[in-house]
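So the chains spell out like this:
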Amino acid sequence: MNAINTGKTSYNRLGAFMLADIYRFTYINDVYGFDIGDELLKAVGRRLKDIFRPTDIIGRVASDTFGIILTDLKDKEDIIIILDRLREAFEQPFNINGNVISVAMQIGIAIFPDNGTSAKEVYKNADISLAKAKKGIEWNYVFFSDDLNSRASQFLLYKTNLEKAFEKEEFVIYYQPYFDIKTLEIVGFEALTRWKSKELGFVPPMHFIPILEESGLISKLESWLINQACKDLDYLYRIKLFARMSIPVSINISPISFKNENVYEKVVNIVSKYKKTDLSSCINIEITESLFLENFETALFTLNKLKSSDFKISIDDFGTGYSSFSYIKDLPIDYIKIDISFVRHILDDKKSKSIAKTIIELARNLEMKTIAEGVETKEQFEVLKSLGCDIVQGFWLARPMPIDELIDFLENWEHKKLNYY
Ligand code: C2E
Ligand code: CA
Ligand code: CA
């Protein structure tokens, strides 16, 4: 309980208190007897300790109820993801002296400081939520706040539908052109995934990418995307539409993929199917700074291998995560993407403008190029041009579009670009 109080005072960060009750534990006790019941409780405690971080606190607060304190959370969504991981970890039944026993839980959750600032208040509110959870089915969890309850049910709904989205071929690539800031020539385009769900309608990437990352399905999506983008590129090559592009297609690879699989092998395997067109020099891999947080050496190794096989590499959303000058000089980076948040305020906020300027100068000194994302107006474009930015992407010049529209766009751009001078 002290952790809740310190959570409030010393970190002033978000935390959660969960009361997790084993579903129908009395029934388990009746069937297997108290000794097995006791052993099961200990095993459940051990499994919980494996799932949570060492800084989280786990204890028994009543015979079959565990209290779990999560401190220092970044985001409320994190709790939903942790709960999902918890449920998955319990899919494997327990084996207690030869008895195979499945365990489900019902959980009440209160977050702090939102649902209370004292330990007593947070506990009381988690307990109220637990009482509601116990009225429902197994693996039921109830938050004290209604908005989190609806976010949790949305997460589950999306996750269930995402698992089927691959077979149902519901993913589509939209391509958004990159333009040379001086000549307005198209230098390439970014492949952005769209999910057109029959059940849920159009779901934006910021709502489903994190779920794919959490469930490990992101690697599958990226394999699909690289394959599809190569097919599209091959087609564009055959109809002679990307002759002068310096970075034909940019692909986003999640840091989770770098952690879970050999990204180098995967990309090379797919691309090598297109020997005739030699697509590796046509692909730009976009990564984010968070890739370097966990294992810098491994990330660097993979990037160097990609680089030596002729792939281009960009750092995306630059300046929003862990930007450190000490690491960037050692990376085989070709492009730095100036995050949309700086571009959005480049006209009305001096600080955003000077950050953009600094990034452009940094890139130039390191012999890298800059791509500004989210350019929505001519005025933003002009400021970026005056600062020496190299490439722009944004709704002012072109929105993301499906391949057939992209082909039209490429064919008509020479003529259409005259309207932008
Ligand atoms: P991102 O990589 O930073 O992609 C750029 C985002 O900015 C895209 O959002 C694009 O539609 C949007 N954008 C471009 N120009 C403008 C503009 O002028 N104004 C505004 N307001 N937005 C603009 P989108 O397509 O919704 O994608 C969001 C994020 O989802 C991407 O951010 C990327 O991080 C992720 N994502 C999308 N597809 C994939 C994928 O296949 N794999 C992975 N790992 N992530 C993906
Ligand atoms: Ca990107
Ligand atoms: Ca970005």
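The rules behind the values
Residues numbered from 1 in each chain as written. Chains lettered and ligands numbered in written order. Predicted model: local features only at pLDDT ≥ 70, side-chain atom pairs only at ≥ 80, totals over all residues. Heavy atoms only, no water. Near = heavy atom within 4 Å. Polar contact = N/O pair within 3.5 Å; in protein donor to acceptor, adjacent residues only side chain to side chain. Areas by Shrake-Rupley, 256 points an atom, 1.4 Å probe, with all protein chains shown as cover. Buried < 20%, exposed > 50% of the residue type's maximum accessible area, 1.4 Å probe, protein only. Helix = DSSP H or I, 4+ residues; strand = E, 2+ residues; numbered from the N terminus. Pairing = 2+ DSSP bridges. Axes fitted to C-alpha atoms, helices over the stretch in contact; angles between N-to-C directions. Contact = heavy atoms within 4.5 Å. Donors = N, O, S within 2.8 Å, 3.2 Å for Na, K, Ca; no water.

Caption draft 1: Structural context of the site of ligand 1. Neighbouring ligand 1 are 23 residues, the closest being Thr 193, Arg 194, Glu 222, Glu 376 and Phe 395. Within the side chain of Thr 193, one N or O atom sits 2.6 Å away from an oxygen atom of ligand 1. Measuring from a nitrogen atom of ligand 1, one finds a side-chain N or O atom of Glu 376 at 2.5 Å. Against a free-state accessible area of 800 Å², the protein chains account for coverage of 82% of ligand 1.

Caption draft 2: Seen up close, the pairing of strand S12 (residues 283–288). S12 sits mainly inside the fold: five of its six residues count as buried. Where strand S11 (residues 247–252) meets S12, four bridges bridge the pair, whose relative direction is parallel. By the bridge assignment for S12, Ser 250 is matched with Asn 284. Here five bridges tie S12 to strand S13 (residues 312–318), and the two strands are oriented parallel to one another. Looking at the pairing, Asn 284 lines up with Lys 312 of S13.

Caption draft 3: Quick peek at the sheet that holds strand S1 (residues 14–22). In space, the five strands of this open sheet follow the order S2-S3-S1-S6-S7, with mixed pairing throughout. Strands with a single pairing partner mark the edges of an open sheet, and in this sheet they are strand S2 (57–62) and strand S7 (140–143). Between one strand axis and the next, the sheet turns by 20° as a mean value, whatever way the strands run. Here five bridges tie S2 to strand S3 (residues 65–73), and the two strands are oriented antiparallel to one another. Within the sheet, the bridge partner assigned to Ala 62 lies in S3 and is Thr 65. Lying on the sheet, helix H3 (residues 34–51) is in contact with S1, S2, S3 and strand S6 (105–112); it crosses S3 at an angle near 10°.

Caption draft 4: How the structure looks around the coordination of the calcium ion (ligand 2). Around the calcium ion (ligand 2), the protein supplies Glu 190 (OE), Asn 252 (OD1), Glu 286 (OE) and Asp 316 (OD) as donor atoms, at distances of 2.2 to 2.3 Å. The motif formed by the donor residues of the calcium ion (ligand 2), counted along the single chain, is E-x61-N-x33-E-x29-D. Separating the calcium ion (ligand 2) from the calcium ion (ligand 3) is a distance of 4.3 Å, and Asp 316 supplies a donor atom to each of them. With Glu 286 in strand S12 and Asp 316 in strand S13, this pair connects stretches of sequence that are 30 residues apart.

Everything listed is a geometric property; what it means functionally is a separate question.
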